[in-house]
Structure formats: structure tokens, C-alpha cells
Amino acid sequence: MEQVDTILLGEWLLTMDEGDTRYRNGGLAIRGDRIVAAGAREDIVRQYSGKETVDMPQGLIMPGLVNSHTHAAMTCFRGIADDLPLMDWLNSYIFPAEAKNVNPELAYWGSLLACAEMILSGTTTFCDMYIFEEETARAAREAGMRCLLGEVLFDFPSPCVKTPKEGLEYTERLIRNWAGDPLVNIVVEPHALYTCSPSLLRDAGKLAEKHQVPIATHLLETDGERTMLEEKLGRKPVHFLRDLGYLHERFFAFHGVAMDEEDIGLFARHGCGVVHNPESNMKLASGVAPVSAMIKAGVTVGLGTDGCASNNNLDMLQEMDTAAKLEKSARLDPTILSAGTVLRMATIQGAKVLGMDHLIGSIEAGKKADILLIDMRKPHLTPLYNPASHLVYAVSGADVDSVWIAGRRVLENRKLMTVDGEAVMDRVRHISNRISRSLAP
């Protein structure tokens, strides 16, 4: 019998592998930070002996969720400017609040709060764009979370850097400082085509090419943005990106609400990804992204919550429910985006968008042991006929019992193991008092 560190056993095991293999009464074996084997319960217990065995007879085992777009430290701005359109929200409230308040302290503690919230609701990997991202990287590392993150790049000064050149230099330091880290990975992130000059976008592309790292940006979040950019650029925004050399397999865009059929075709042809953010898009009344058309065309689509100032939470299980129902409602077709498809968007497809599907997103031998154990022994989850359907339409973040990231248990029986939640909340409340004073008339 082969010795491993941990054996997990449950009523259901959803692998999210290429064949969508699932096991009724399944299990897996973990050694170090990797999955050794996954399969039927009887095969796992016959072949492996664990230093620790976790057996939940009515539990569901699945890959950790991938939040493919957020702004972690914006937990500190949760609820400060609700019920506003995108450009008013950004220019009149968010950018001024950030200019007055964002510093390394806010970035660190806000990100640590985000990590606690994400772990508690089953997210094991997140893609982040914000300010002082060295602090977010430090917070994620301490929480034991996997991440892909980058410093936001603007034409104008941010609280962290004063010029585009300084922003690019900061990003390059992130790439060098975190090279080879087992959890923290870096992406080059110009904010958007309307906040970045062609020269900054060109230099950001060169930096990503130099280090062979991903590059990502907000793109076509509203029809108004599309009109504004076409007037500014004198061509379609996706054509502009193509001409800059952005359309390749390491590029992905956030939102894509106003992408048309030609845009989608170009993304599919060049292997670019899109991150769908349904709740943020709904709250800001940005529109409904053509997600089903993207998937049909062959575009890899992940799922993200966006930041807490425009969502206002980081619960990916809730985001799946919204994604499925919004697309059905918008297209007047209950079959157009199935629970199984949305579940893949939140796991293996999200990992693929981030360029990490060789490591995470599915339960397969050799992959990193980023795993959820969900307690299905609940009134609102009884009876259980289709586990994928329950995960999308019935399960909530509060049903996540335990989480492993890289083989390390970071949540056990709903208790955070790597973050002092009470201390973090107290610190963020203190920061919020300062923010409130700065916003007073």
C-alpha cells in the first residue's frame, strides 16, 4: 500500500477533466502539493494509506474555484458608491477615493480580507489587478492562496506610481521578485484602452513578451465605451489590439460585454480568452456579455466576481448561479448555458484563461492539490440528483466545509487555518473609518 499525506473521500467526486469524469463514492490521494490519484473510493482506500484521512459520507469533492478577475484590496471600498453607471462610478467616486486612501496598508489588509472571503467560499486561485500589488502578493502568500496578479497601469499617476514608466518598472520588479514562487504569478495589466495611451499599451505588450507572461486588460465593458474608443482610435478596439500585437494565447480581456461577432471571431482565431463578470455588469447596468456566442465560437471563457466595490462580494458559487440565469434570461433560452458549462467556466476554463490549466482547474494525477470539500448534508441541498446542477443553482459559499491549496488545508470545518479573520476585519474597519472621513463633504 502506497503512503500519501492525505486521502479525501466523499459521496461525489467531480474531476472537471476533459471527459467530465465523476465518481459516485469517490476519493483522491494527495502527496505534498500534488494529486497522486483520483477515482472510486474502493480503489483509493485499497491502494493508498494516508497520514490523514478525511471522509465525509455526504460530501462533494471538486477542484478549487478560479476567480479570474477581481480587485482584491477593494474589499475596503465595499458599498461606498452603489447604484451608479460605470463611468460616473469610476471617475466621480472610485478614482477620487483611491487617490485619497490607497496605500500599502490598505492594499495588504484589504487583500488579506479578500483572501479570507474567497477561501471561505471555495476560491483557491484569483487573478488580481490593483495598486501596490506587492502587498497583495504578500497577503496571498501568507493566506496560502494561489494568484496571478499585476500592478494596474494608467497614463495618469496612481497612489503607487507617478508615471507610466514607473508602473512598468514596478511590474517588472514584481516579475523578478516572484519568479519561481509556488503560489504567486505575475501578469502585465494595462487598465483599459481609455485610460492607457497607445505608447503605454505598446510598452506593456513588449514587457509581457520579454518575460513571456500573460497580459490582460478591461475591454468593451459597455456600448458607450465602444463608441468612445472607436472615435478615439479611428477603428474598432479589437482591430487596434490586433495591430498592437496583443491578440495571442497569453492575452485575455475582462468583461467583453460589447464584443460583436467579428471581435469574437478574432479572439477565437488567435486563442485569446475572456473573463465574464455577470454580477458586476448587472449592478453597473453595463449590459450582458455574449457569453454563449463566445463559447460556441471557441473562445475560452472564465468567470470572475470583479471587485467588491461593484459586486459586492467575492462568492464564486453565487457568481455561477447568476451567470447561468442571466444568459438564459437575456437569450430567452433555458438550454443556452448549462450548469455543467458554467461549472467549467469557474474551474478548468478559468484556469485555461489564466494559462494555468496545466497546474489547476481539474482533479487529475500530477496536478496541484487545490481542492474543495462541500458539505451536501443540508436542507437546501436535499435531495441530490445532479451534483453540477446543485453546485450552480443551490450551493452557497457557506456550504464549503474544507479547502486545500497546494495540498495544505487552509479551511477546516469552516475554520480559517491561515488567516486570523477577526484581526483582519478589525483592521479593515479601522481603515474604513479613515475612508469615511476622507469622503465627507
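Note that the coordinates shown come from a computational prediction; the quantities given were computed from them, not determined experimentally.

Peer 1: Which parts of the structure should I look at to understand the overall build of the chain?
Peer 2: Helix and strand counts for the chain stand at 16 helices and 17 strands. At 21 Å, the chain has a C-alpha radius of gyration in line with the 22 Å of a compact globule built from 441 residues. The C-alpha extent of the chain, read off along each of the three principal axes, is 65 × 45 × 40 Å. The buried share of the chain, reckoned over its 441 residues, is 61%. When contacts within the chain are restricted to residue pairs at least 6 apart in sequence, long-range pairs at least 24 apart make up 73% of them. Here the chain carries 45 positive and 59 negative side-chain charges, and the mean point of each set is 2 Å from the other.

Peer 1: Explanation requested: the pairing of strand β5 (residues 65-70) in the structure shown.
Peer 2: The two faces of a sheet get side chains in turn, since along a regular strand they alternate between them. Most of β5 is tucked away: 6 of the 6 residues are buried. One ladder, built from 4 bridges, connects β5 with strand β6 (residues 123-130); its direction is parallel. Counted as the bridge partner of Thr70 is Asp128 from β6.

Peer 1: Would you take a moment to explain the sheet that holds strand β14 (residues 371-375) for this structure?
Peer 2: Where strands meet in a sheet, backbone hydrogen bonds hold them as pairs that are either parallel or antiparallel. Ordered in space as β3-β2-β1-β4-β14-β15-β16-β17, the 8 strands form an open sheet in which the pairing is mixed. Every other strand in the sheet has two partners, leaving β3 (34-40) and β17 (415-416) as the edge strands with one partner each.

Peer 1: What's the story with the packing of aromatic side chains in this structure? I'm lost.
Peer 2: Given two aromatic rings, their pairing is described by the distance between the two centres and the angle made by the two planes. Tallied over the full model, the rule gives 7 aromatic pairs. Seen in terms of ring centroids, Phe252 and Phe254 are 5.7 Å apart; in terms of plane orientation they differ by 75°. Their pairing is edge-to-face. Per residue, the accessibility class of Phe252 equals that of Phe254, and both read buried. Here a set of aromatic residues connected by ring pairs shows up, and it is made of Phe95, Phe154 and Phe156. When the ring centre of Tyr108 is taken as reference, the NZ or CZ atom of Arg138 above it lies at 4.1 Å.

Peer 1: How should I be thinking about the side chain of His69 in this particular structure?
Peer 2: Here His69 is to be found in strand β5. Looking at His69, its side chain comes within polar contact range of the side chain of His218, at 3.3 Å. Apart from residues no more than four positions distant in its own chain, His69 is found in contact with Cys127, His218, Phe254, His255, Val275, Asn277, Gly304, Thr305 and Asp306.

Peer 1: I tried to follow the nonpolar core on my own but got confused; where do I start?
Peer 2: Note on soluble globular proteins: their nonpolar side chains tend to be buried together. Membership of the largest hydrophobic core comes to 141 residues, with the highest contact counts inside it found for Phe252 and Phe267. Looking at this core element by element, the count peaks at 11 residues for helix α3 (residues 104-120). Counting residues in hydrophobic clusters, the runner-up holds 13 residues, among them Ile30, Val54, Ile61 and Ala369.

Peer 1: Which parts of the structure should I look at to understand the pattern of salt bridges?
Peer 2: Evaluation of the coordinates by the stated rule reveals 36 salt bridges. Two residues, Asp20 and Arg344, come together in a salt bridge whose shortest N-O distance is 2.8 Å. In this pair, Asp20 is assigned in the loop between β1 (2-14) and β2 (22-31) and Arg344 in helix α13 (residues 339-345), connecting sequence segments 324 residues apart. By relative accessible area, which is 33% here, Asp20 ends up partly exposed. Given a relative accessible area of 17%, Arg344 falls into the buried group. Of the charged contacts in the structure, one is a salt bridge between Glu364 and Lys367, with a shortest N-O distance of 3.6 Å.

Peer 1: Before we go on, may I ask you to explain unusual backbone geometry in this structure?
Peer 2: For the peptide bond that leads from Asn311 to Asn312, omega is 25°, which places it in the cis range. Looking at where Asn312 falls in the secondary structure, it is placed in the loop between β13 (300-303) and α12 (316-331). The peptide bond linking Thr382 to Pro383 adopts the cis configuration, its omega dihedral lying at 0°. Its place among the elements puts Pro383 in the loop between β14 and α15 (387-393). Of note in the backbone geometry, Ala285 takes a positive phi value of approximately 55° without being a glycine. Of note, Ala285 is situated in the loop between α10 (278-283) and α11 (291-297). Accessibility expressed as a relative area gives 66% for Ala285, which makes it exposed.

Peer 1: Mind showing me how you'd approach the side chain of Thr124 here?
Peer 2: Structurally, Thr124 is set in strand β6. Filtering out sequence-adjacent residues up to four positions away, Thr124 remains in contact with Gly64, Leu65, Met145, Arg146, Asp370, Leu372, Val403, Trp404 and Ile405.

Peer 1: So what exactly am I meant to see when it comes to the sheet that holds β13 here?
Peer 2: The sheet built from 4 strands is open, its strands ordered β10-β11-β12-β13 with parallel pairing. Each of the sheet's edge strands pairs with one partner strand only, and the pair in question is β10 (215-219) and β13. Within this sheet the neighbouring strands show an average axis-to-axis angle of 25°, counted without direction. Note that strand β11 (residues 251-255) and strand β12 (residues 273-276) share 3 bridges and pair parallel.

Procedures and definitions
Numbering of residues starts from 1 in every chain and runs along the sequence as written. Restriction of local features to residues with pLDDT of at least 70 applies here, the model being predicted, together with a cutoff of 80 or more for giving and counting side-chain atom pairs; totals for whole chains, interfaces and linings are based on all residues. Only hydrogens and water are set aside when side-chain values are computed; all heavy atoms of the structure are taken into account. Strands are runs of DSSP state E lasting at least 2 residues, helices are runs of H or I lasting at least 4, and numbering of each runs from the N terminus. Only C-alpha atoms enter the radius of gyration; for comparison, a globular chain is expected to reach 2.2 Å times N to the power 0.38, where N is the number of residues. Under the scheme applied here, a residue whose accessible area is under 20% of the maximum for its type counts as buried, over 50% as exposed, and between as partly exposed, the area being computed with a 1.4 Å probe on protein chains only. Contacts are residue-level and defined by heavy atoms, with any inter-residue pair within 4.5 Å sufficient. Neither His nor the chain termini are counted; the positive set is Lys and Arg, and the negative set is Asp and Glu. Charge placement uses NZ in Lys and CZ in Arg. For Asp and Glu, CG and CD serve respectively. Here, a strand pair is defined by DSSP locating no fewer than two bridges between the strands. Ring geometry is summarised as follows: Phe, Tyr and Trp rings, the Trp one being its six-membered ring, pair when their centres sit within 6.5 Å, and such pairs are stacked at plane angles under 30 degrees, edge-to-face over 60 and tilted between the two. Only lysine NZ and arginine CZ atoms are considered, and such an atom sits over a ring when it is within 6 Å of the ring centre and within 35 degrees of the ring normal. Whenever a nitrogen or oxygen atom comes within 3.5 Å of another N or O atom, the pair is scored as a polar contact, on the condition that within protein one atom can donate a hydrogen and the other can accept it, and that pairs from neighbouring residues in sequence are kept only if both atoms are in side chains. Residues enter a nonpolar core if they are buried and are Ala, Val, Leu, Ile, Met, Phe, Trp, Tyr or Cys, with the set joined through side-chain atoms within 4.5 Å. Salt bridges are defined by distance alone: a side-chain nitrogen of Lys or Arg within 4 Å of a carboxyl oxygen of Asp or Glu. Angles shown run from 0 to 180 degrees and are taken between the N-to-C directions of axes, each axis being a line fitted to C-alpha atoms and, for helices, limited to the stretch in contact.

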